Amino acid sequence: MVKICCIGAGYVGGPTMAVIAYKCPSVEVAVVDISVPRITAWNSDKLPIYEPGLDEVVKKCRGKNLFFSNEIEKHVAVADIVFVSVNTPTKTSGLGAGKAADLTYWESAARMIADVSKSSKIVVEKSTVPVRTAEAIEKILTHNTKGIKFQVLSNPEFLAEGTAITDLFNPDRVLIGGREETMAGLKAIQTLKDIYAHWVPQDRIICTNLWSAELSKLAANAFLAQRISSVNSMSALCEATGADVTQVSYAVSKDSRIGSKFLNASVGFGGSCFQKDILNLVYICECNGLPEVANYWKQVIKINDYQKSRFVNWLVSSMFNTVSGKKIAILGFSFKKDTGDTRETPAIDVCRGLLSDKAQLVIYDPQVPEAQMIKDLSIPKFHWDQPASTIHIYEDVVKQSVKVVHGAYEAAKDAHAICILTEWDEFRSLDYQKIYNSMPKPAYMFDGRNVVDVAKLREIGFIVYSIGKPLDPWLKDMPAIA
Ligand code: NAI
């Protein structure tokens, strides 16, 4: 029986390994992590991450050929294939701070693999890493072993949170990079290919050299984020000219060379990957003497930041240039619907912007726990993935201005304005007349996800700002200072 061990039981390690176990009953899969609460949750009825379809897959395999454990070394020692799916955040200090990937977790995992291994293994990079990380990993492994052979493969993950299980069941492609120039490298690639071939058609398994696989992941995320920043840049122009961004993006998307996905204007992209991977790409370009290329990609992040500050500026300026002491209802906090993940969610920057103008926030999100929101609003940028001891927490200050509630109606009651920051389906079908009746007037709606029917809400009496839509007459007189 082939034995797989995955180091890192997070948003990627958990779902990917659950699907491998589900699709390959003849393979034994152990998912290991240093975090005791995370593993305890994976072994409980309340999994540590919310992902549609995940519960069923885990329930079918757990205890049969899928195991979650904190006994990292024990499982690594006996594995044939070791996936490494640990976090690779942006460095917060030292050389490349704010841009380069922090490979501390990766390096310690690699050293541990070298220390505990007694048999040859294939080590698979599942985490998103800078180009040529595999070379560093190879060095760590070969300099620390007693004649044991390791083959390093790059197998970046393309799943999207919120649709992870369907993405894993039916991937557009699986990418495997390896040392194609050697027999051992080719054999390792084939071994991993055989695992995926249990359910992925052969023509969707792409094999490349290591560096192409590593760079393809960074490039794919940069291209996806670029589409969002492109349509968001158009949304600003739509507001200035009276065009409607939904109509523009629909017309653009009908060109088969462009296509329709990732063209929805919004308050900005979030998630753990886009920003960090682009910053990483920018850093690699700079290190390789390519400042023009670095600046090109940097602009994708700048437009994303601009979009968030534009949203806050519209809100404050239209409410007579101050939100001090005003109650603002925040609907949605996760970075997109169908996930409880808040890493780099635009809601953090929007809420911070409002808090800096002394607003009182009442937040509702169907999946994000209160403690997570308070923590997110209390820590400096990029620090969400750092060990707790390095986090400077201002929780008490935040708690004075932020209340978390359990429903949209409760959040909106007595609020001067509502901000929709995540496109949860339930926000499309709220009784907005009832909400309007419960708010002081003028009642404002700031829709950061183009969720509401603007005409209908204006008819009810709301002053509505919806990203990239023709402006409410009220807002025309109060231009946002971006
Ligand atoms: P995560 O933070 O949810 O999970 C990482 C896990 O690794 C944590 O539970 C942590 O405790 C554990 N860990 C860290 N060091 C360890 C060690 N030495 N030994 C054992 N466990 C250790 O991160 P996530 O979101 O799963 O991302 C993992 C990687 O996958 C990152 O490189 C990310 O860029 C990439 N990725 C993430 C996607 C996403 O949608 N979240 C999609 C595709 C790739």
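These numbers were taken from a predicted model, which means no experiment stands behind them.

Criteria and cut-off values
Residues numbered from 1 in each chain as written. Predicted model: local features only at pLDDT ≥ 70, side-chain atom pairs only at ≥ 80, totals over all residues. Heavy atoms only, no water. Phe/Tyr/Trp six-rings, centres within 6.5 Å; stacked < 30°, edge-to-face > 60°. Helix = DSSP H or I, 4+ residues; strand = E, 2+ residues; numbered from the N terminus. Buried < 20%, exposed > 50% of the residue type's maximum accessible area, 1.4 Å probe, protein only. Lys NZ or Arg CZ within 6 Å of the ring centre and 35° of its normal. Near = heavy atom within 4 Å. Polar contact = N/O pair within 3.5 Å; in protein donor to acceptor, adjacent residues only side chain to side chain. Areas by Shrake-Rupley, 256 points an atom, 1.4 Å probe, with all protein chains shown as cover. Nonpolar A, V, L, I, M, F, W, Y, C, P; charged D, E, K, R; others polar. Pairing = 2+ DSSP bridges. Axes fitted to C-alpha atoms, helices over the stretch in contact; angles between N-to-C directions. Contact = heavy atoms within 4.5 Å.

A. Highlighting the packing of aromatic side chains. According to the stated counting rule, one finds 17 aromatic pairs in the structure shown. Ring centres of Phe-320 and Trp-474 lie 5.8 Å apart, and the angle between their planes is 70°; on these two criteria the pair is classed as edge-to-face. One end of the pair, Phe-320, is in the loop between α12 (291-318) and β9 (327-331); the other, Trp-474, is in helix α19 (residues 473-476), with 154 residues separating them in the sequence. Their ring planes at 80° and their centres at 6.0 Å tell us that Tyr-444 and Trp-474 sit as a pair that is edge-to-face. Of the two residues, Tyr-444 is situated in strand β13 (residues 444-447) and Trp-474 in helix α19; the sequence distance between them amounts to 30 residues. Residue Trp-474 is classed as partly exposed on the basis of its relative accessible area, which comes to 28%. Among the aromatic residues, those joined into a ring-pair cluster are Phe-311, Trp-314, Phe-320, Tyr-444, Phe-446, Tyr-465 and Trp-474. Directly above the aromatic system of Phe-158 lies the positively charged group of Arg-173, at a separation of 3.6 Å from the ring centroid. One Lys or Arg, Lys-434, reaches over the ring of Tyr-409 and ends 4.2 Å from the middle of that ring.

B. Representation of unusual backbone geometry within the structure. Lys-441 connects to Pro-442 through a cis peptide bond whose omega is 0°. Among the secondary structure elements, Pro-442 is positioned in the loop between α17 (432-437) and β13. Positive phi, close to 60°, is recorded for Phe-262, a residue that is not glycine. Relative to the helices and strands, Phe-262 resides in the loop between α10 (245-253) and α11 (274-287).

C. Region of the structure containing the site of the ligand. Near the ligand there are 25 residues, and of these Asp-33, Arg-38, Thr-88, Glu-161 and Lys-276 occur at the shortest range. Within the side chain of Ser-108, an N or O atom sits 3.4 Å from a nitrogen atom of the ligand. Note that an oxygen atom of the ligand is positioned 2.9 Å from one of the backbone N or O atoms of Thr-128. Burial of the ligand by the protein amounts to 92% of the accessible area it has alone, namely 830 Å². A per-class count over the shell around the ligand returns nine nonpolar, nine polar and seven charged.

D. Region of the structure containing the sheet that holds strand β14 (residues 463-466). Spatially, the six strands line up as an open sheet ordered β11-β10-β9-β12-β13-β14, and their pairing is parallel. Of all the strands in the sheet, the pair left with one neighbour each is β11 (402-404) and β14. Here the strands of the sheet are splayed against their neighbours by 20° on average, with no regard to which way each runs. Relative to β14, β13 runs parallel, the two being bridged by four bridges. Bridge pairing links Tyr-444 to Ile-463 in β14. The strands that helix α13 (residues 346-356) touches are β9, β10 (360-364), β11 and β12 (417-420); relative to β10, the one it contacts most, it runs at about 155°.

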